[in-house]
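Working through the structure, step by step
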Amino acid sequence: MAKKTVKVRGREGTATMDISIPARITREHDVERGDVFTIETDTDDDGRLVLQYTRVYNGE
């Protein structure tokens, strides 16, 4: 799969951040509103943050 670039957006009045899922990925994997993901964080050998999302509930 080709690498995609996404932008982090802040929410007004909160420290929560949003990361977009590109439309092509949502179509190919049937990602819908209400889906629930776990998130794991790590750092790679270069010290970069690595985020891994796993869908645990299909919210159809």
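Below, the structure is looked at part by part. This one's a predicted model, so the numbers in the text were calculated from it and none came from an experiment.

On to the overall build of the chain, then. The secondary structure content of the chain amounts to 1 helix and 4 strands. The order of α-helices and β-strands along the chain, N terminus first, is β-β-α-β-β. Relative to the globule expectation of 10 Å for 60 residues, the C-alpha radius of gyration of the chain, 13 Å, shows a markedly less compact shape. Across its three principal directions, the C-alpha atoms of the chain cover 35 × 35 × 20 Å. By the burial criterion, 5% of the 60 residues in the chain qualify as buried. Sequence-distant contacts, at least 24 apart, represent 17% of the contacts inside the chain between residues at least 6 apart. Positive and negative side-chain charges of the chain, numbering 10 and 12 respectively, have mean locations separated by a distance of 8 Å.

Positive phi is not limited to glycine here, since Asp30 has a value of about 50 degrees. As for its position among the elements, Asp30 is in the loop between α1 (23-28) and β3 (36-43). A residue is classified by how much of its surface remains accessible, and Asp30, at 51% relative accessible area, is exposed.

Below, the discussion takes up the pattern of salt bridges. This model, assessed by the stated rule, comprises 5 salt bridges. For the salt bridge of Glu28 with Arg24, the shortest nitrogen-to-oxygen distance reads 2.9 Å. Of this pair, Glu28 and Arg24 both sit in helix α1, 4 residues apart, which is roughly one turn of the helix. Of the charged contacts in the structure, one is a salt bridge between Asp46 and Arg48, with a shortest N-O distance of 3.4 Å. Side by side, Asp46 and Arg48 carry an identical accessibility label, which is exposed.

Bridging between β3 and strand β4 (residues 49-57) involves 8 bridges; their strand directions are antiparallel. By the bridge assignment, Asp42 is partnered in β4 with Val50. In this antiparallel pair of consecutive strands, β3 and β4, the connection spans 5 residues, and Gly47 shows a positive phi of 80 degrees.

What counts, and at which threshold
Residues numbered from 1 in each chain as written. Predicted model: local features only at pLDDT ≥ 70, side-chain atom pairs only at ≥ 80, totals over all residues. Heavy atoms only, no water. Helix = DSSP H or I, 4+ residues; strand = E, 2+ residues; numbered from the N terminus. Rg over C-alpha atoms; globule rule 2.2 N^0.38 Å. Buried < 20%, exposed > 50% of the residue type's maximum accessible area, 1.4 Å probe, protein only. Contact = heavy atoms within 4.5 Å. Lys, Arg positive; Asp, Glu negative; His and termini not counted. Charge placed at Lys NZ, Arg CZ, Asp CG, Glu CD. Salt bridge = Lys/Arg side-chain N within 4 Å of Asp/Glu carboxyl O. Pairing = 2+ DSSP bridges.

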